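Here are the chains, one letter per residue:
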Amino acid sequence: MTDSSTPIVSLRRISKSFGHVVALRCVDLDIHAAEIHAIMGENGAGKSTLVKILSGVHRRSGGEMMVRGHAVDFATPKEAERSGIAIIHQELNLIPSLTVSENIFLGREPLKAGLFIDYAEIERRSAEILTRFGIDIDPRADVENLRVGEQQLVEIARALSLNADVLVLDEPTSALSEAEAQRLASFVRELARQGVAIIYISHRMSEVFAMADKITVLRDGNFIATRRSEEISERDIIRMMVGRELKKQEVAPSVTSNPVVLSARNLGLERPNSRGRIHSVVNDVSFDLHAGEILGIGGLLGSGRTEVLELIFGAAIGKRSGSVAQRGVRMRAQSLTPRGSVTNGVAFLTEDRKGTGLLLHADIRSNAVLPSLPWIAPLGWLTTLREDAVAKRIIDAMRVRCQGPNQGIDELSGGNQQKIVLGKWLEIRPSVVLLDEPTRGIDVGAKEEIYDLLKKLAQSGVAVVMVSSELPELLALSNRILVMCEGKATGIINSDEFSEERVMELATPLGNALTGEAA
Ligand SMILES: Nc1ncnc2c1ncn2[C@@H]1O[C@H](COP(=O)(O)OP(=O)(O)OP(=O)(O)O)[C@@H](O)[C@H]1O
Ligand SMILES: [Mg+2]
């Protein structure tokens with residue numbers, strides 16, 4: 001198709017080292033106009049590093065970079081933007097204390113009288129951009145009040161508004177709902193049709209095959225191959241990425257005869273929405289959680305899944321109602337606190353690893369010991385040796401790719417950060433683990449490791465509640481699935497009735513109306 005044309009971007013023998021870590025070795029990549037080019041590879045394979053070099057975030061250590069036939073060497077992201085290259089980063093890059101529109105125009109604010117930032121103009125143009133891309137977010141809202149998925153949409157709107165002719169998307173859909181992801185996919189396809197060259201990084205295989213014209217695979221910083229997507233199968237890609245075949249997950253058996261370790265009754269949460277009107281986010285949700293059970297929670301983004309976890313943990317913001325019983329003690333939802341929950345052996349892995357999951361400016365060691373501080377430092381002091389032991393245990397158990405406990409968290413690849421978050425919570429030896437999108441941004445190989453780990457955890461008697469937007473993940477791991485729709489629990493499915501259709505039926509208002517009529 002476009003192979004004969006000159007590439008817009010041409011990377012040759014790109015290499016990059018961070019100190020002793022070699023992130024890229026001799027990678028070649030040609031990007032053509034009007035083409036969607038996916039980059040795949042395990043966590044730490046070098047995908048983000050490669051696109052950060054292209055977009056002026058990092059300087060390369062070796063190799064050549066050509067844009068439209070000219071050798072370039074970007075010192076800053078601004079320079080890359082001037083050459084028409086825009087990037088949507090994997091980790092959110094917004095400034096939480098600013099509004100949506102201020103973030104969209106950050107660094108290129110229109111001025112009034114050549115002097116003052118023209119806020120009215122910023123708001124007007126932001127509203128225009130958001131509407132154009134069908135994003136329903138108030139441009140005046142503060143970014144810190146938005147959910148992760150909404151923040152990601154703002155970031156996407158910002159990049160799209162640059163009208164670049166090379167657009168890089170580094171895992172843009174990891175925090176989006178199915179519907180939002182599909183809308184983004186159609187923008188991206190439309191941009192490609194208009195001639196924009198797209199570089200697309202994603203761990204979601206189905207998404208990559210649905211979108212990409214070409215796929216490049218990296219492994220351990222090495223270039224493996226570039227193939228047209230119709231010439232290659234999912235299995236080929238996985239083999240190229242991980243160098244082995246993956247096994248099939250078996251359906252989990254029923255464990256409802258095990259003792260109940262936590263029972264939630266009539267959980268409810270009310271709070272104002274972004275337009276200031278009070279609405280019910282969670283409405284009368286009840287369930288029992290059994291020892292050794294993985295209870296999946298399915299539903300669309302905004303259905304109240306995350307808030308159910310927050311209610312159980314005592315972290316929900318708003319007017320709470322209902323109760324949670326654990327170890328024979330029933331507590332009203334409004335008197336639960338995160339500290340009390342941790343003391344009771346409840347661990348909570350949030351979906352937003354950057355916001356609440358990790359101290360990004362600290363090293364692995366300090367992050368590793370965060371939740372277990374009361375245990376390993378009962379007298380309030382903590383020796384580096386003990387911290388090191390904990391950090392090393394997590395690094396081994398989760399097979400984190402890093403230099404050691406001293407490495408800064410912000411230097412790890414996204415998936416490896418997630419492993420640290422999971423590992424640090426398991427250190428408190430919880431009896432109940434609450435997980436919100438536990439494998440977001442994690443590659444297929446590492447996912448399998450995390451699935452094995454969660455199954456082992458459950459087999460040892462720990463009870464798990466897991467929210468996931470990935471249906472295959474819910475179906476593969478859960479013993480039962482509770483499905484939510486618009487704040488209500490619309491059903492609990494047992495493993496012998498598992499199917500993607502059944503979950504979607506209960507997750508959508510239309511599906512519920514249909515089955516309701518049939519009954
Ligand atoms: N600023 C940095 N300092 C030191 N090492 C780094 C830095 N950035 C990345 N690395 C290392 O380079 C390697 C490649 O990381 P990169 O973020 O490119 O991986 P990735 O393929 O994007 O992974 P993921 O799928 O997890 O996002 C990793 O070993 C990572 O720890
Ligand atoms: Mg990455």
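Residues numbered from 1 in each chain as written. Chains lettered and ligands numbered in written order. Predicted model: local features only at pLDDT ≥ 70, side-chain atom pairs only at ≥ 80, totals over all residues. Heavy atoms only, no water.

**Topic: the overall build of the chain**
Logical step 1: Each helix and strand in the chain was counted, giving 19 helices and 22 strands.
Logical step 2: When burial is assessed residue by residue, the chain has 55% of its 519 residues classed as buried.
Logical step 3: When contacts within the chain are restricted to residue pairs at least 6 apart in sequence, those whose partners lie at least 24 apart make up 66%.
Logical step 4: As displayed, the chain has an accessible area near 22900 Å², and 51% of this comes from carbon and sulfur atoms.
Logical step 5: For the chain, the distance from the average position of its 61 positive side-chain charges to the average position of its 67 negative side-chain charges is 3 Å. (Helix = DSSP H or I, 4+ residues; strand = E, 2+ residues; numbered from the N terminus. Buried < 20%, exposed > 50% of the residue type's maximum accessible area, 1.4 Å probe, protein only. Contact = heavy atoms within 4.5 Å. Areas by Shrake-Rupley, 256 points an atom, 1.4 Å probe, with all protein chains shown as cover. Lys, Arg positive; Asp, Glu negative; His and termini not counted. Charge placed at Lys NZ, Arg CZ, Asp CG, Glu CD.)

**Here's the deal with the pairing of strand β13 (residues 260-272)**
On a regular strand, each side chain points to the face opposite its neighbour's, so the side chains alternate between the two faces of the sheet.
Logical step 1: Sheet topology note: the β13/strand β14 (residues 278-290) ladder contains 9 bridges and is antiparallel. Within β14, the residue paired with Leu 267 across the bridge is Val 285.
Logical step 2: Relative to strand β16 (residues 319-326), β13 is paired through 7 bridges, and the arrangement is antiparallel. Following the sheet pairing, Arg 265 is matched in β16 by Ser 323. (Pairing = 2+ DSSP bridges.)

**Quick notes on the sheet that holds strand β17 (residues 329-332)**
Logical step 1: Across the sheet, 4 strands lie side by side as β14-β13-β16-β17; this open sheet has antiparallel pairing. Two strands bound the open sheet, and with one partner strand each, they are β14 and β17. Recorded for the sheet is a direction-independent mean angle of 5 degrees between the axes of neighbouring strands.
Logical step 2: Across the sheet, helix α9 (residues 305-313) lies against β13, β14 and β16, angled at about 115 degrees from β13, the strand it touches most. (Axes fitted to C-alpha atoms, helices over the stretch in contact; angles between N-to-C directions.)

**Concerning the packing of aromatic side chains**
Logical step 1: If you walk through the whole model with that rule in mind, you get 2 aromatic pairs.
Logical step 2: For the pair Phe 313 and Trp 425, a centre-to-centre distance of 6.5 Å together with 90 degrees between the ring planes defines the contact as edge-to-face. Residue Phe 313 is located in helix α9, and its partner Trp 425 is located in helix α15 (residues 414-426); the two are separated by 112 residues in the primary sequence.
Logical step 3: For Phe 313, a relative accessible area of 7% gives the class buried. (Phe/Tyr/Trp six-rings, centres within 6.5 Å; stacked < 30°, edge-to-face > 60°.)

**Topic: the site of ligand 1**
Logical step 1: In the region of ligand 1, 20 residues are neighbours, and Asn 43, Gly 44, Lys 47, Ser 48 and Thr 49 sit closest.
Logical step 2: At 2.8 Å from an oxygen atom of ligand 1 is found a side-chain nitrogen or oxygen belonging to Asn 43.
Logical step 3: Separating an oxygen atom of ligand 1 from a backbone N or O atom of Gly 44 is a distance of 2.8 Å.
Logical step 4: Contact with the protein chains hides 92% of the accessible area of ligand 1, taken as 640 Å² for the molecule alone.
Logical step 5: Secondary structure elements with two or more residues in the shell around ligand 1: α1 (47-54) and α15. (Near = heavy atom within 4 Å. Polar contact = N/O pair within 3.5 Å; in protein donor to acceptor, adjacent residues only side chain to side chain.)

**Concerning empty space enclosed by the protein**
Logical step 1: Counted under the stated rule, the structure contains 6 cavities of 30 Å³ or more.
Logical step 2: Approximately 140 Å³ is the volume attributed to the largest cavity.
Logical step 3: Considering the residues around the largest cavity, the lining is formed by 17 residues, among which Ser 174, Arg 204, Arg 440, Gly 441 and Glu 470 are closest to the centre.
Logical step 4: Among the residues forming the lining of the largest cavity, the class breakdown is 1 nonpolar, 8 polar and 8 charged.
Logical step 5: When residues of the lining of the largest cavity are sorted by domain, at least three fall in each of domain 1 (9-242) and domain 2 (248-345 + 430-519).
Logical step 6: Lining the second largest cavity are Arg 147, Leu 301, Gly 302, Ser 303, Gly 304, Arg 305, Thr 306, Glu 307 and Glu 351.
Logical step 7: Taken together, the residues that form the lining of the second largest cavity break down as 1 nonpolar, 4 polar and 4 charged. (1 Å grid on protein atoms, 1.4 Å probe; cavity = no way out; pocket = protein on both sides within 12 Å on 5 of 7 lines; lining within 4 Å. Points joined across faces, edges and corners; volume = space filled by probe spheres on them. Nonpolar A, V, L, I, M, F, W, Y, C, P; charged D, E, K, R; others polar. Domains from an automatic or database assignment.)

**Considering the domain arrangement of the chain**
Logical step 1: You can read the domains of the chain as domain 1 (9-242), domain 2 (248-345 + 430-519) and domain 3 (355-429).
Logical step 2: Residue-level contacts link 17 residues of domain 1 with 14 residues of domain 2.
Logical step 3: When domain 1 packs against domain 2, the two sides together hide about 1300 Å² of surface, and 51% of this comes from carbon and sulfur.
Logical step 4: It is Asn 43, Arg 147 and His 203 in domain 1 that bury the most area against domain 2; as a group they hold 32% of the surface buried on that side.
Logical step 5: The tally of links from domain 1 across to domain 2 stands at 1 salt bridge.
Logical step 6: Across the pair Arg 147 and Glu 307 runs a salt bridge, and its minimum N-O distance is 2.9 Å.
Logical step 7: Linking domain 1 with domain 2 are 1 residue pair in polar contact (both at pLDDT 80 or more).
Logical step 8: Element by element, the count of residues in the side of domain 1 that touches domain 2 is highest for helix α8 (residues 234-242), at 3 residues. (Buried area = accessible area lost by both parts, 1.4 Å probe. Salt bridge = Lys/Arg side-chain N within 4 Å of Asp/Glu carboxyl O.)

**Details of the sheet that holds strand β19 (residues 432-436)**
Logical step 1: Spatially, 6 strands are ordered β18-β19-β20-β15-β21-β22 in an open sheet, and the strand pairing comes out mixed. The sheet is open, and its two edges are formed by β18 (346-349) and β22 (488-494), each paired on a single side. Direction aside, neighbouring strands of the sheet carry axes that sit 15 degrees apart on average.
Logical step 2: Pairing of strand β15 (residues 294-299) with strand β21 (residues 480-485) involves 5 bridges; the strand directions are parallel. Within β21, the residue paired with Gly 296 across the bridge is Ile 481.
Logical step 3: Contacts from helix α18 (residues 500-507) reach β15, β21 and β22, with the element oriented near 30 degrees to β21.

**Observations regarding the packing of α15 against helix α16 (residues 444-459)**
Logical step 1: One way to put it is that α15 packs onto α16 with a least axis distance of 12 Å and a crossing angle of 15 degrees. Our classification of the angle between α15 and α16 gives roughly parallel. In terms of crossing hand, the pair formed by α15 and α16 is left-handed. Contacts between α15 and α16 pair Lys 419, Leu 422 and Leu 426 from the former with Ala 446, Glu 449, Ile 450, Leu 453 and Leu 457 from the latter. (Parallel < 35°, antiparallel > 145°, perpendicular 65-115°, else oblique. Left-handed = near helix turned anticlockwise from the far one by under 90°.)

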